[in-house]
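Analysis of the macromolecular model
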Amino acid sequence: MADETELKFTRNDFKRVREMIYQRVGISLSDSKTHMAYARLSKRVRSRGLRSFSDYLDLLQHSEESDEWQGFINALTTNLTSFFRESHHFDILREHARARRRPGETFRVWSAASSTGEEPYSIAITLLDQWREAGGGAFQLLASDIDTNVLQQAAHGIYARERAEKVSGAQLQRYFDRGVGRNEGMIRLKRQVRDAVSFFQFNLVAPSWPDIGRFDAIFCRNVMIYFDKPTQTGILSRMAACLQPDGLLMLGHSENITHLTDAYVGCGRTTYRLAHPGAGEEGE
């Protein structure tokens, strides 16, 4: 552990880290995250052959387009997820997809903080099951994250078996291949499921959003808690413009937005719809 304390990390260094991550991606770090910031960034400081955080932060500020910025962001983002986490949302999604099924129409979903992929793949499995029961249908599933490392993991679709504790036996058999030999204990999504998800990098606090169209459901779970209230309000406003008039927004179990905006009303457990269905028509 002596080696871990040799890097100089001052209160002012942490203040700079907070300001830089906030300006870049809108994440608001509390004072309680000082140790986390040191632990995660110290590896990057050492990899650059530097002996202090001050030198590392100076390097970042003088190379605005450097790949090191992505490493900085990746280090400070938290990715905790599993298949069918907060399972009530997938029950709601299944019913919504059943009610919204129209001949010739594509049901569209956006997983806006997809992490290592368990959430969008859970969505894909839910919709594949639903379409299978209904005798056909079409859906499009976009999945985004700010962290390039987790997006790369997600695209491979390979996981430890214990990450899929909430996946039924029938779904495991239908949608996963089990690892054998040295891959024992691992599972991989079958091609049908991997091909159902389009992953891309996306910054929710970017000055402008690409035209990604409107969605029947948006999952933005357990990410709002990392932003301050003005940033949360801005993201929610933009997402309102991305929802179909009867679309649904799914948030995390600890995220309540009723005090932030009147654009949405609750319609289920941590599930919201537009308060005024035409509100998103003009967009941003």
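Residues numbered from 1 in each chain as written. Predicted model: local features only at pLDDT ≥ 70, side-chain atom pairs only at ≥ 80, totals over all residues. Heavy atoms only, no water.

1. Remarks on the overall build of the protein
A count of helical and extended segments in the protein gives 10 helices and 10 strands. Against the globule reference of 19 Å for 284 residues, the protein gives a C-alpha radius of gyration of 21 Å, in line with a compact fold. Its C-alpha atoms give the protein principal-axis dimensions of roughly 60 × 55 × 30 Å. Of the contacts made within the protein by residues no fewer than 6 positions apart, 73% connect residues no fewer than 24 positions apart. When the accessible surface of the protein is split by element, carbon and sulfur atoms take 47% of a total near 14200 Å². Across the protein, the mean location of the 37 positive side-chain charges is 4 Å away from that of the 36 negative side-chain charges. (Helix = DSSP H or I, 4+ residues; strand = E, 2+ residues; numbered from the N terminus. Rg over C-alpha atoms; globule rule 2.2 N^0.38 Å. Contact = heavy atoms within 4.5 Å. Areas by Shrake-Rupley, 256 points an atom, 1.4 Å probe, with all protein chains shown as cover. Lys, Arg positive; Asp, Glu negative; His and termini not counted. Charge placed at Lys NZ, Arg CZ, Asp CG, Glu CD.)

2. Some details on the confidence of the model for the protein
Looking at the protein, pLDDT values average 88 and 95% of them are 70 or higher. No element of the protein has a lower mean pLDDT than helix α4 (residues 68–76), which averages 84, and none a higher one than strand β7 (residues 215–219), which averages 98. Counted against residues more than four places away or in other chains, residues 279–284, with its pLDDT under 50, gives 8 contacts. (pLDDT = per-residue confidence, 0-100.)

3. Looking at the pairing of strand β1 (residues 106–111)
By the criterion of burial, β1 is predominantly enclosed, with 5 of the 6 residues buried. Where β1 and strand β2 (residues 138–145) come together, 6 bridges link them in parallel fashion. Residue pairing in the sheet places arginine 108 in a bridge with glutamine 140 of β2. Note on the crossover from β1 through helix α6 (residues 118–134) to β2: the handedness is right-handed. Where β1 and β7 come together, 3 bridges link them in parallel fashion. Each bridged residue has a counterpart across the sheet, and for serine 111 the counterpart in β7 is phenylalanine 219. (Buried < 20%, exposed > 50% of the residue type's maximum accessible area, 1.4 Å probe, protein only. Pairing = 2+ DSSP bridges. Right-handed = clockwise from strand over helix to strand, strands pointing away.)

4. Some thoughts on the packing of helix α1 (residues 11–25) against helix α3 (residues 53–61)
Packed helices, taken two at a time, are described by their axes: the angle between them and the distance between them. For the pair α1 and α3, interaxial distance at closest approach is 10 Å and the crossing angle is 25 degrees. When the axis of α1 is compared with that of α3, the two are roughly parallel. Along this stretch, α1 crosses α3, giving a crossing that reads as left-handed. Side by side, α1 and α3 meet where Asp13, Arg16, Val17 and Met20 of the first sit next to Phe53, Ser54, Leu57, Asp58, Leu60 and Gln61 of the second. For the contact of α1 with α3, a count of residues per class yields 5 nonpolar, 2 polar and 3 charged. (Axes fitted to C-alpha atoms, helices over the stretch in contact; angles between N-to-C directions. Parallel < 35°, antiparallel > 145°, perpendicular 65-115°, else oblique. Left-handed = near helix turned anticlockwise from the far one by under 90°. Nonpolar A, V, L, I, M, F, W, Y, C, P; charged D, E, K, R; others polar.)

5. Describing the nonpolar core
Among soluble globular proteins, nonpolar side chains are generally buried collectively. Counting 52 residues, the largest nonpolar core has Phe72, Trp110, Leu204, Met239, Leu249 and Tyr264 as the members making the most contacts within it. Among all residues touching phenylalanine 72, those that are not within four sequence positions of it are Val17, Met20, Ile21, Leu41, Arg44, Tyr56, Leu57 and Leu60. Core analysis: the second largest hydrophobic core is formed by 32 residues, Phe84, Ile125, Phe176 and Ala196 among them. (Core = buried A, V, L, I, M, F, W, Y, C linked by side-chain atoms within 4.5 Å.)

6. Section: unusual backbone geometry
The phi torsion at glutamate 86 lies on the positive side, around 50 degrees, for a residue other than glycine. Inspection of the secondary structure assignment puts glutamate 86 in the loop between α4 and α5 (88–100).

7. Considerations on the packing of α1 against α4
Put simply, α1 and α4 touch, their axes get as near as 11 Å, and they point 100 degrees apart. Taken together, the axes of α1 and α4 are roughly perpendicular relative to one another. Each of Val17, Met20, Ile21, Arg24 and Val25 in α1 lies in contact with α4, whose residues at this interface are Trp69, Phe72, Ile73 and Leu76. Tallied by class, the residues present in the contact of α1 with α4 amount to 8 nonpolar, no polar and 1 charged.

8. Examining α4
Taken across its 9 residues, α4 has 9 buried, putting it largely inside the fold. Looking only at α4, the buried set comprises Glu68, Trp69, Gln70, Gly71, Phe72, Ile73, Asn74, Ala75 and Leu76. Taken together, the buried residues of α4 touch α1, α2 (34–47), α3, α7 (148–156) and β6 (197–201).

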